[in-house]
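So you can see what is in the structure, the chains are spelled out below.
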Amino acid sequence: MKLYCSNGSPFARKVRIVLAEKGLAYEADIQDRVRPVDEAPGPTLAVPVLDDGGRRLWESDLIVDYLLRTYPDSRPAADMAATPPLSPWMARPDRHWDDMTTLATLASCATSVVNIRLMGNDGITPENSDYLARQKTRIERCLDWLEQRVTDEGFAVGWFSIMDIAFLCPMAFCEAREIMPWRGRRKLDALFDRHCARPSLLATPVNPKR
Ligand SMILES: N[C@@H](CCC(=O)N[C@@H](CS)C(=O)NCC(=O)O)C(=O)O
């Protein structure tokens, strides 16, 4: 298996955390920059992209779903074992549409976080762009909505869920890149703090701001 990624990408980190949680070995093609169009591993031009024996997939949620379904019996290496365990699904079977809506909201929120970061490279910020100001408001509204959804034990009680991971990665990126303050919601803050020392998160740090 080969994963095209960067050390910063919150989308790639989601996949890297799942690979670590499942103890799946892979080769990482890491480039800490936006890849030139001619070197992009897929038509969306974005990372992560996973190549598994010739099957090439892009979009982090699709890749994670593929890994969960293709390697259901893979278990973490001893140094990655942690509780609660990784959920075996993207969405709880009995709460499918609720959880898929949560995942979609998290994806939208993460996209806005990354947009603000990448547009900042061109000097475009929420302070001088109405569109980016709207993205910032989207992040805040999504977090408010997620705070209503999350429990004191995360998005799915008893599990380290993909929803938890999809929340942790963009918010850690938001902090590491100093994109905007996001804290101030009791349950989301606690979820973030509870998992920050989990082995799979420690093994996939966001690289420092450059
Ligand atoms: N929806 C995609 C987003 C991936 C994405 O935006 N990746 C960024 C890095 S964090 C990227 O490669 N951007 C380059 C580009 O948009 O051309 C996913 O979930 O995988």
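Predicted model, so just to flag it, every value in this text is computed and none were measured. (Residues numbered from 1 in each chain as written. Predicted model: local features only at pLDDT ≥ 70, side-chain atom pairs only at ≥ 80, totals over all residues. Heavy atoms only, no water.)

S.K.: Which residues make up the domain arrangement of the chain, and what values go with them?
M.R.: On domain assignment, one finds that the chain holds domain 1 (2–80) and domain 2 (93–198). Listed as interface residues are 12 residues of domain 1 and, on the opposing side, 16 residues of domain 2. Summing the contributions of domain 1 and of domain 2, the shared interface buries around 1,100 Å²; its carbon and sulfur component is 78%. Sorting the residues of domain 1 by area buried against domain 2 places Pro10, Phe11 and Lys14 first, and these three jointly supply 41% of that buried surface. Here domain 1 is connected to domain 2 by one salt bridge. Between Arg198 and Glu21 there is a salt bridge, with the nearest N and O atoms lying 2.8 Å from each other. Our count for the contact surface shared by domain 1 and domain 2 stands at one residue pair in polar contact (both at pLDDT 80 or more). (Domains from an automatic or database assignment. Contact = heavy atoms within 4.5 Å. Buried area = accessible area lost by both parts, 1.4 Å probe. Salt bridge = Lys/Arg side-chain N within 4 Å of Asp/Glu carboxyl O. Polar contact = N/O pair within 3.5 Å; in protein donor to acceptor, adjacent residues only side chain to side chain.)

S.K.: An account of the packing of aromatic side chains is requested, with residue identities and associated values reported.
M.R.: The tally for this structure, following the rule as stated, stands at four aromatic pairs. Measuring from ring centre to ring centre gives 5.5 Å for Trp89 and Trp159, while their planes differ by 70 degrees; the resulting arrangement is edge-to-face. Taken together, the positions of Trp89 in the loop between helix H2 (60–70) and helix H3 (96–120) and Trp159 in the loop between helix H4 (130–149) and helix H5 (162–176) put the pair 70 residues apart, joining distant regions of the chain. Geometrically, the ring pair formed by Phe167 and Trp182 is edge-to-face, given 5.7 Å between the ring centres and 80 degrees between the ring planes. One end of the pair, Phe167, is in helix H5; the other, Trp182, is in the loop between H5 and helix H6 (186–195), and 15 residues separate them in sequence. Residue Phe167 is classed as buried on the basis of its relative accessible area, which comes to 1%. Trp182 sits in the buried class, given a relative accessible area of 4%. Aromatic ring contacts, followed pair by pair, group Phe155, Phe167, Trp182 and Phe192 into a single cluster. It is Arg198 that lies over the ring of Phe160; its NZ or CZ is 3.9 Å from the centre. (Phe/Tyr/Trp six-rings, centres within 6.5 Å; stacked < 30°, edge-to-face > 60°. Helix = DSSP H or I, 4+ residues; strand = E, 2+ residues; numbered from the N terminus. Buried < 20%, exposed > 50% of the residue type's maximum accessible area, 1.4 Å probe, protein only. Lys NZ or Arg CZ within 6 Å of the ring centre and 35° of its normal.)

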